[in-house]
Structure formats: C-alpha cells, structure tokens
Amino acid sequence: MTGRGAAKAAPLLDVRGLKVHFSVGNTVVRAVDGVDIRVERGECVGIVGESGSGKSTLMRAVTGLLPNVAVTELSGEILFKGSDLRTLSGRDMRRMRGEDGFSMVFQDPLGYLNPTMRIGRQVAEALPPNLSRAEAKRRMYELLREAGLPDPEFVAKRYPHELSGGMRQRVAIAIALSASPALLVADEPTTALDATVQLQVLDTLKKLYRERRMALIIITHDLGLVAELCDRVYVMCRGRVVETADTVTLFDAPTNAYTARLIALSRRDGRAAGTEALA
Amino acid sequence: MTSPPTPDSVAEGGHRPLGGIARALSAKAYRFLRALAGTRYGLPGLIIISALALIALAAPWLAPYNPLRQVDTSAAPSSWQHPMGTDNIGRDLLSLVIYGTRASLAIGFCTALAALFVGGLVGITAGYWRGATEAVLMRLAELFQTLPVIIVALFAIGLFGASFWLLVGTVALAIWPLEARLIFGQFVSLREREFVAAAIVADLPYRHIILREILPNALPPIIVQVALDASLAILIESGLGFLGLSDPNMISWGQLLFTAQDFLSTAWWMSVFPGLAICIAVIGLNLLADGLNELANPRAAQASPGLVL
Amino acid sequence: MTAPILMARGLVQTYPGRPTGFWSRQTIRAVDEVDLDVSEGEILAIVGESGSGKTSVARLLLNLRMPSSGTIAYRGVDLRRADKRAYRREVQAVFQDPASSLNPRMRVATALSHVAVRHGLASGADIARLIARHLRAVGLDPPENYMLRFPHQLSGGQQQRVAIARAMMLDPRVIIADEPLSSLDISVQTQLLELMKELKEKANVGFVLISHDLNAVEAIADRVVVMYRGRIVEAGRNVLAKPRHPYTRALVDARLIPDPKLARCKQRIILDGDALSSTIVGGCRFRNRCPLAVSVCAAEDPPLRPVDRDGSLAACHLVEPVANPFA
C-alpha cells in the first residue's frame, strides 16, 4: 500500500489554495478562501466547522458537485491521484467516481435515494456494468452486509421510505462502496440520526475504514464524532483552515483560540467520564 | 412613494389607516411590476398583455371603422383600406378584432377573478378547517370539475339566453375547482408550519391567521394560477363562441370564428386573424404566468422570500 | 412549593397506522399513558429519540391537538373548560426550526406587534418601545437593528431569540420549547441555554425543554423525563448522572465524547435496530432491543415506579423498586 510509512509518497487528495466565491445579491460570499487539504491513502481526516465555515462547499468543489449558483471564482488545484480534477472532462470525472476513485455520502439519504425503486436494485445499479445478474446480486448483498445491515435480503426488497434513517444511511454507504472507492467523503453522515442509531453508523464507518483501508473524509460540526473516528483534523472558520493537527494533539493542545473554544463548548461542563458497563 | 419603514411605523403595523394602506399597496405594486419586468418571460408577457389592454381600452379611437357597419364589399381580402380584409357582410375585420379584444379580455379577467373568489372561499374553508368540511367541499369541487362546460353552457343559454355575465358565470363554474384545489393544497401545507402554530399559541384570532399569516405566504402560486385561469377562460369562451353560444350583442373573437366557419376556404382571413388574436392573448398570459412563477420561485442563491409583495 | 401550572394525567394520542386487514387498521400510540407536571421556575427536560412521542406531548400540552384520552389540567381546571385566554398567556412556546417559526413575510416588529395588540399590551407609539424592550432582554441589542428585518435576514440564533422574545412578551409562567437548539451551531446553543437559565432565575419562568441532545439537557435541566415509544421509561432529578433504565443507559452511553483518548478505549453498548421498525405487542416495548431482556419483559408491561430515595422513577422489571421514596 502506498502512503503510510513511505516518506514522500504523493497524497491521494491534495487540495492547494482552493478558492470558491459566490455572488449573492450584490455581495460576494467567500465560501472557501484559500484552503489546503491533504489526505493520504487509508487515512481518516475530519473537517470540522460551524455553519458558514465553508466545509461543505469545499467538498462539493472537490467532488464536482457545486450548487447551481453564480460562482465568481473557482481557483486553486484539486489533485486526486495526481490529476487536477478541475481540468478533467466529464468522462474522466466519471471515471474518477468509479473504481479506486472517490464517492460521497450525504446528510439526508432520503433526498437522494430513488423513492420508487427498491433498495436492492438501486445498489445493484451502482455496480460496474459488466457483471452477470447473479454476480451483481451476490455483490449487492455483500455490500449491504458490509455496510452494517444485518438482514440484507429484507432490506433489498424494501423501498427507501420503509426504512429508518439509520438504515437508509447505511444503504447510502453501500452504494458509495459499490465502486470500491479509494476515498469516501461523508458530509454530516450522522447529524440527522438518533443517538443510538448514530453509534451503529459510526461503528460501520470504523469497520470500513479498518477493513478496506479506505481513505475517509468526515465533514461535520460534531467534535465528538471527529474524536471517535478521525486520525487528523482540519478546523475551518469562515472559509479558511485555522488549524490542523492529528486528533490527539488537537484536543489536548489546540493552538488556535477558535479551536480551543469549540472544544470547550463541546465538552460543556467538564469532560464526560466513561460510564459504567451495563450490568 | 411611501417613506421607508421605520421601527415605529412598522410596529404600528396592525393599525394602518385606510389612506396609509392605499399608499403602501401602490408602492408595493410598483415594486412588483418592476420585478416582474425584470424576469425573462415576464417582460414579453407584460408587454403583450399591456398592449392588448390598451387596444381594448382605446378601441373606439383605434378602430378605423365602425365594426358593425357595412363599409365595403363583402368578403374582400386584405388591402390598404382593410388590412385584415372584410367579413361576409362587408364589415372591416380589423375593427372587429380590435373591438373583440374588449369582450375577450373582459371575460378572461372577470372569469379568473370569479373563479378565484369562489375557489378561494372553498379552498380556504376546506384547507383551514379540514375534517368533514374538507370532505364535502373537495368532493363538490371534483364534481364541478367533471362537468362538461359546453353542455352546461348549452343548458344555461337555453334557459337564460346568452349574455356577458352568463358566460362569465358558466366558464367560472368550469374553472373554479382548479383554484380551489390549489388554494386548498396551499392552506393544508402552510397550516402545519410552525409560524402558524406560534400564532395559535399566541392566541391570535383565526381571521388574523388566515388573512395575515397564511394567505400572504400562499399567494405566489395562486397569482400564477390566476394568470393561467385567465388564458384558459379566453380559450373556453372562444370555443363557446365558435359554437355559436356567445352573446350575439357582443363582439368577441370566438364569435368572429363562428361567422367565419362557412367561409374557411373562401375567406381565410376571417378565421385566421381572430384566431391569431386568441393565440397572442393566450401566449401573452402564459408568458406572464411564467414570469410570475420565476418571481415566486427565485433561484436558491438569492435569499429573498419570493414574490416581492 | 407552588402547585404545578399544568398537570397531565393519562395522556394518550393515537394515530391510524398501516391497515392489517380489509377494515381494520393498526393504531399507533404516539403517546401512551403519560403523566406530567409542569411548574413555574423549573426546567423540565423531555428526552427521547424519534418515535418517543416527545413532540406529540408538546403539542398536547400546548393544546394544539386534542388527546385521544387523558386530561390536562390548567391551574386545576380541565383545559377543555378552562379560561383559554389566560392559559395562552401563561403557557407559551418556542419551536424547533427558527426559520419556519417566524412568518417569512413579516418583519420582526410587525410579527411582535400583532401579539402586543391582540393582548392589549400597548398601543400606538408604546408598541415599538415594548418590542424594543423585549428584544433587548433576549440579547438583540440595539433592537432597532433587528426590528425591520425579515426572518431570512437573521441568523438562526437571532431568529430563535426573536421567537423567545415573542413568547416572553406575554410574561408567561411556562415556556414549552420543542427542540429549540437542534438547527443551531454549538456556540449559539450555549448562548441560548444561558438565556433560558437567566429567564428561569430572573423571571421565575418554567421551561419544558424537549430535546434529543443530552449535553444540552444536562447543562440546564432540573428534572429529566426519558420517553421511549410513547411511554415515560425513566424520570427524576439525576437521571443522566445515574441512569437506571437500560434504554436510558444506552442513550447516555451513546454520547460521543470530544476526547480522542477516552473515546477510543470506550466499550459501548450498541443497540440493534431502531425505535420504530417493529411492532411490539404486549410486554415492555423496549424488549426487542434491550440487552437485558428476560421472559417477564415479554409478559408484562413494566409500570413506572419509584426506584430511589430521591424520587426517581423507572419502568423496568429489572430495577428494584423502593418502598418509601423520599417525598
């Protein structure tokens, strides 16, 4: 595996000096204002920020999913496996979303799962097209199981609205995994979920990260999620990266006042102690 | 133009004297028209409809001849004196079409407003109180929607004779369910919104909630529908006129088509020009509706609440 | 100790669910026999996940819906017969999504003036002064900057403050806040929690805080009620510090810890499935996910009973009841 250990291996994702500015009414919003992000293969990186920090816009610019608004500036480099994503044609971009490429999971899967199609078919659709039907079906069940759904046969026959939020999110993860991506970008993957369900999805993400050695980018405002899952963290505020460090260092000794404040707020009154094991 | 809002004037908002309301409304109307003129389809729509309205108003001065007077050879094709030719009796077609604008536009708008009024009452009542009221009223709307307009018109005219207001009433009968369903849908969904719950919790009376909380938010699609209703009304009226069910004392495009039926091959201009007029009116209203729709659903980038009302 | 302003007893709210036969339908009990007391000067938190019924309880307490059965007493009088006007003045609300709890087409001052005029709080030029005073009291200073704005011109935190100002205008005794923090940034959440605490201390206003965020609840709640699928499963003053019901323990355990060293070595209880997916017939409604379920859990629905000297209640067969709770 390239990346870990090798001294000067090229990072999987290398964003340099990215700027994304929108015009809203008669003002210019500098959603992303000169950001550098680096993600190696097999790393889990967290991008943390409050609303308006630019974290979602950053990822949408990287994955080519900017919203349909007036973009006044889009500059900088987005190097994925060495190629600049900004200069790629539509066809090449699609290949980047395929095998060993990148995939995204969003906050509310109900919004982007097809409500009129059964789950099994939607997952199978995302698989590479040259598989036989039996093979596709097998891979589909495998993916659903890998995404943490204990009863894939049951889920595959359901429609999205028949499943709960947590199950839908795992289906979304299964779909994202179907192309065997090298990088999975998850934008607020657990925000809309109940606390107990959040743990299930978190568990799934942890397992995936370990077993597939897939790079993960987690975009969130929840520092707890980042502490549980990520190796390294970028903290964003108003379109800029204000601090970056590995997770332990960041939480122990933040160098930036904004970061320190976020951490203090997330802890509210003192650190949460470990709870007793269930008797 | 009214003075810009100050905190005091806005705080007294609940109690504006009548003159103040009129001034405020006209300022809003001005801003609204300007916004509409800025949209891609709204501008041509506004131009067309304004032009037609002007023609309708200025008909006596614009029409070169008295439309009802026989002025020349019958069934004569276009010429310098008669740009649209003459009809089978020898009346100038251009003058007829110009005068026809009055009736057609009038029917269009009166019908749309009547449909809005009836549909609005039904839709608001059913949408706000739900339950049994909703069941009864919405079934009623569906019943009327299935009525064939032409048969109803035939009955009505057979019983009462054709007249302007009868036509308006008949076509409104056909159209009001559309408005009712739209307004009903709007009220049902808006009623569940939290600001309505907040108003209920603040003990505001239901008249206030309907008129000042829900209705302003429900208006944008309703206004679009009114423009579409008007175009639909013109089309229906033209159809009825074509069948001879129009008011014979009134010059309308549909009626001109009725007379033109027997001369389709010999005097094509008798049917083409009124037909063209109908097309232009309908297209104009549809463009207007598109422009209104653009105002009602602004692009996500602009953080405005929609129609600038 | 003053008597509670609102007393709910045996509240039940049912909805028609999926059809089980040609004519029959399952009924879903969104709220299933809930008893609650709401008092001035006390912050009561109702905690639960989706399907717990906490939002339905809020709507019932606010008289936005009629319960299928059960009663709510306002100052001792059944709400159906009580003085509605007085009730609406004393019991106010703040809702979840601040952007939609304000009319998008009304300026802040207009919206607040309607309330002022309706309740005869001021007239003419005094209205503006009243509004300014209340905006200042919730931290929107100088008020003139905010009075003319439309909701979309305010940030989420500012919108929520306007909502609180609107509620406070009537000088209520109790404010029912349904998930007031969920769509806000954490720094704004903290400020709003501080504001609520301040209102409780200075104006003796009681709150019913409905939330799924245990951290927020822990910061300001005096009493906590935990709901699961329409039932109260645990209630008390120290519920989050000493959870007894297995569901509460799982919920407390599910909190993410913003400390990587503690987080990584933590053994967690991960519940299977989720709250709504299966129908439970008979017995404890948590038994399909409970790691401790035994045979009695399937046979009998456990009642809510005292389990500690400090008055905590829990509904679980496996928690020892206490005979004489400290009253």
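Conventions used here
Numbering of residues starts from 1 in every chain and runs along the sequence as written. For naming, the first written chain is A and the first written ligand is 1, with later ones following in the order written. Selection of residues for local features in this predicted model requires a pLDDT of at least 70, selection of side-chain atom pairs for listing and counting requires 80 or more, and totals for whole chains, interfaces and linings are taken over all residues. Just so you know, side-chain values use all the structure's heavy atoms and leave hydrogens and water out. By definition in these notes, contact holds between two residues if any of their heavy atoms fall within 4.5 Å. Once two parts are joined, some of their accessible surface, as seen by a 1.4 Å probe, is lost; buried area is that loss totalled over both. Criterion for a salt bridge: a side-chain nitrogen of Lys or Arg within 4 Å of a carboxyl oxygen of Asp or Glu. What qualifies as a polar contact is a pair of N or O atoms within 3.5 Å, subject to a donor-acceptor requirement within protein and to the restriction that residues adjacent in sequence count only when both atoms come from side chains. Working definition: helices are DSSP H or I runs of at least four residues, strands are E runs of at least two. Numbering for both runs from the N terminus. Relative accessibility decides the category of a residue: with a 1.4 Å probe and only protein chains considered, values under 20% of the type maximum give buried, values over 50% give exposed, and everything between is partly exposed. Residues belong to a common nonpolar core when they are buried Ala, Val, Leu, Ile, Met, Phe, Trp, Tyr or Cys residues joined through side-chain atoms within 4.5 Å.

Trainee: Explain the interface of chain C and chain A here, please?
Mentor: In many analyses, interface size is given as the accessible surface area lost on bringing the parts together. Each partner contributes to the interface: chain C provides 38 residues, whereas chain A provides 40 residues. Here chain C meets chain A over a buried area of about 3,400 Å², counting both sides, of which 55% is carbon and sulfur. For chain C, the biggest contributors to the area lost against chain A are Ile-186, Leu-256 and Pro-258 of chain C; these three give 19% of the whole. Connecting chain C to chain A are one salt bridge. One salt bridge connects Asp-252 of chain A with Lys-261 of chain C, and the closest N-O pair in it is separated by 2.8 Å. In this assembly, chain C and chain A are joined by eight residue pairs in polar contact (both at pLDDT 80 or more). Sorting the residues of the side of chain C that touches chain A by element identifies α8 (186-203), α9 (214-220), α10 (246-253) and α11 (260-264) of chain C as the ones contributing at least two each.

Trainee: Looking at this model, I keep getting lost on unusual backbone geometry. Mind explaining?
Mentor: A negative phi angle is the norm for most residues apart from glycine, just as the trans form is the norm for most peptide bonds. The amide bond that connects Asp-141 of chain C to the next residue, Pro-142 of chain C, takes the cis arrangement and shows omega of 0 degrees. Backbone geometry places Ser-180 of chain A, a non-glycine residue, at a positive phi of 50 degrees. Of the residues examined, Ser-180 of chain A reaches a relative accessible area of 25% and is grouped as partly exposed. In this structure, Arg-213 of chain A is a non-glycine residue whose phi angle is positive, near 50 degrees. By the element assignment, Arg-213 of chain A lies in the loop between α7 (195-212) and β8 (215-220). By relative accessible area, Arg-213 of chain A is classed as partly exposed at 48%.

Trainee: Explain the nonpolar core to me, please; I cannot follow it from the model alone.
Mentor: One recurring pattern in soluble globular proteins is that nonpolar side chains are buried together. Counting 62 residues, the largest nonpolar core has Ile-131, Leu-135, Ile-164, Val-217 and Val-224 of chain C as the members making the most contacts within it. With sequence-adjacent residues up to four places away left out, Ile-164 of chain C is seen in contact with Val-94, Val-138, Leu-192, Leu-195 and Leu-199 of chain C. Formed by 52 residues, the second largest nonpolar core is a distinct cluster that contains Leu-205, Val-235 and Ala-245 of chain A together with Leu-256 of chain C.

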